[in-house]
Amino acid sequence: MTLLERYGWRGAVEPGIARVTSAHGDYYRIVCNESAEPILARKKKSAFARRVRQEGGEGPFRRVERVEEGDERLTPITGDFVTIRHNEQGESFITGILPRISRFERRDPTARRKSQTLAVNFNVLFIMMSLTENFSLPRLRRYLALCDTLGEAKAVVVLTKRDLADAETAAARLGEVRSLGCEAVAVSAATGEGMDDIRAYESPGATLAFIGSSGVGKSTLLNALAGEELAATQEVQEWNGKGRHTTTVRSLVMLPSGAMVVDTPGIREIGMVGEDDAVLVKGESTHRWRK
Ligand SMILES: Nc1nc2c(ncn2[C@@H]2O[C@H](COP(=O)(O)OP(=O)(O)OP(=O)(O)O)[C@@H](O)[C@H]2O)c(=O)[nH]1
Ligand SMILES: [Mg+2]
């Protein structure tokens, strides 16, 4: 099995294909069969210019517009399979994004902001909420309403910090979530309770994407699955119980089981009321594509 297949590639094995494991401004860390170690690649800007049909409609496609900053369709993100090219100096360039088998995107119901793709090419989307202060069924409904771009992937609700809730509350909340028709598990990274239910989703080559508010324990769960401190975690701020945003860059990591996790920065909500609240990612500007 090639390296890329271990990283979830299921297409024909050809040179020039890679998977993005993290994005850092102009640079992307990628894995590909041409290198035993991850390498850095840049986006080939001309390849990502938007194709616009010439006036008149029938003419050939002409590349005229530059990619707009933040144009999600044209920006590779962590988890993407991409085409790559190497030049004579040994530099690597990303020349295109291969079709995404699944994606989860934030859409602003008021259309004031562009949609924002939070995770791609996952087999299981873990929508994470803590069993304590972060638990909110209305918010969960908003997440579920955005699950129409999952393709063959499935969403699983992970209720975290099981050790901080009493048994009655945990059972009631698990029941409420399941009554919405979703698969749900309750887990404690602290005591290990429920970890077997999580591990049941780990199969070699599968990608699990973790999303949810800051401080719910995404990186902590990743570390528990990995058996080592791969991701930084941080105490929840006591003054507001919400936690600071500890993870600021999306990264895809390989677990000992051969499954992968995409850990994402916490999503925060804006707006106070109703089902229309948008979901934003804190710190996005720090790793958004820069011109
Ligand atoms: N008691 C208890 N604490 C937990 C558990 N999981 C996570 N925590 C704590 O919750 C805090 C936040 O955890 P993180 O893993 O950093 O949260 P995160 O979701 O990655 O947050 P961002 O990276 O900011 O999005 C840390 O202090 C963790 O120790 C758990 O199962 N039980
Ligand atoms: Mg984190």
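As the structure is a computational prediction, the values presented were derived from the model and not from experiment.

Trainee: Tell me about unusual backbone geometry, residues and numbers included.
Mentor: The phi dihedral of N121 is positive, around 55°, even though this residue is not glycine. Mapping N121 onto the fold places it in the loop between β9 (116–120) and β10 (124–130).

Trainee: Describe helix α2 (residues 137–145), naming the residues involved and giving the relevant values.
Mentor: Buried within α2 are the following residues: L137, R139, L140, R142 and Y143. Where α2 starts, the residue carrying a side-chain oxygen 3.1 Å from the main-chain nitrogen of R139 turns out to be S136.

Trainee: Report on helix α5 (residues 218–226), specifying residues and quantitative values.
Mentor: α5 sits mainly inside the fold: 7 of its 9 residues count as buried. Here the buried face of α5 lies against β10, α4 (195–199), β13 (207–212), β14 (251–254) and β15 (260–263). G227 sits one or two residues past α5 and shows a positive phi near 75°.

Trainee: Any details on the packing of aromatic side chains? Residues and values, ideally.
Mentor: The tally for this structure, following the rule as stated, stands at 4 aromatic pairs. Between the aromatic rings of F126 and Y201, the centroid separation amounts to 5.6 Å while the plane-to-plane angle is 85°, which identifies the pairing as edge-to-face. Linking F126 in strand β10 with Y201 in the loop between α4 and β13, this pair joins segments that are 75 residues apart in sequence. Residue class for F126 comes out buried when judged on its relative accessible area of 0%. Members of the aromatic cluster, joined through ring pairs, are F126, Y201 and F210.

Trainee: An account of the pairing of strand β12 (residues 183–186) is requested, with residue identities and associated values reported.
Mentor: Sheet topology places strand β11 (residues 154–160) next to β12; 4 bridges connect them, and they run parallel. Considered in β12, the bridge of V157 is made with A184. You can see the chain leave β11, run along helix α3 (residues 167–178) and come back into β12, and the turn it takes is right-handed.

Trainee: An account of the pairing of β10 is needed here, citing residue identities and associated values.
Mentor: Each regular strand displays side chains that alternate between the two surfaces of the sheet. Within β10, 7 of the 7 residues are buried, leaving the element largely enclosed by the surrounding structure. As judged from the 7 bridges shared by β10 and β11, these two strands associate in the parallel manner. Within β11, the residue paired with M129 across the bridge is L159. Viewed along the sheet, the connection from β10 through α2 into β11 turns out right-handed.

Trainee: Lay out the nonpolar core with the relevant residues and their values.
Mentor: Grouped together as the largest cluster of nonpolar side chains are 35 residues, with contacts concentrated most on F104, F122, L125, I127, L150, L159 and V177. Secondary structure elements with two or more residues in this core: β9, β10, α2, β11, α3, β12, β13 and β15. Sequence-distant contacts of L159, defined by excluding residues within four places in its chain, comprise M129, L131, F135, R173, L174, V177, V185, A186 and V187.

Trainee: Just give me the short version of the confidence of the model for the protein, but keep the residues and values in it.
Mentor: Averaged over every residue, the pLDDT of the protein is 82; the share at 70 or more is 77%. For the protein, helix α6 (residues 284–287) is the element with the lowest average pLDDT, namely 33, and β11 is the one with the highest, namely 98. Here residues 270–291 scores under 50 on pLDDT; set against residues more than four positions off or in separate chains, the count is 62 contacts.

Trainee: For the pattern of salt bridges, give the residues involved together with the corresponding values.
Mentor: Going through the model one piece at a time under the given rule, you end up with 6 salt bridges. Notably, a salt bridge pairs R103 with E105, separated by 2.9 Å at the nearest N-O pair. Residue R103 is classed as partly exposed on the basis of its relative accessible area, which comes to 30%. With a relative accessible area of 9%, E105 lands in the buried category. As a salt-bridge pair, E193 and R162 come within 3.4 Å of each other at their nearest N and O atoms. Residue E193 is found in the loop between β12 and α4, and its partner R162 is found in the loop between β11 and α3; the two are separated by 31 residues along the sequence. On the basis of relative accessible area, R162 is assigned to the buried category, the value being 15%.

What counts, and where the lines are drawn
Residues numbered from 1 in each chain as written. Chains lettered and ligands numbered in written order. Predicted model: local features only at pLDDT ≥ 70, side-chain atom pairs only at ≥ 80, totals over all residues. Heavy atoms only, no water. Helix = DSSP H or I, 4+ residues; strand = E, 2+ residues; numbered from the N terminus. Buried < 20%, exposed > 50% of the residue type's maximum accessible area, 1.4 Å probe, protein only. Polar contact = N/O pair within 3.5 Å; in protein donor to acceptor, adjacent residues only side chain to side chain. Contact = heavy atoms within 4.5 Å. Phe/Tyr/Trp six-rings, centres within 6.5 Å; stacked < 30°, edge-to-face > 60°. Pairing = 2+ DSSP bridges. Right-handed = clockwise from strand over helix to strand, strands pointing away. Core = buried A, V, L, I, M, F, W, Y, C linked by side-chain atoms within 4.5 Å. pLDDT = per-residue confidence, 0-100. Salt bridge = Lys/Arg side-chain N within 4 Å of Asp/Glu carboxyl O.

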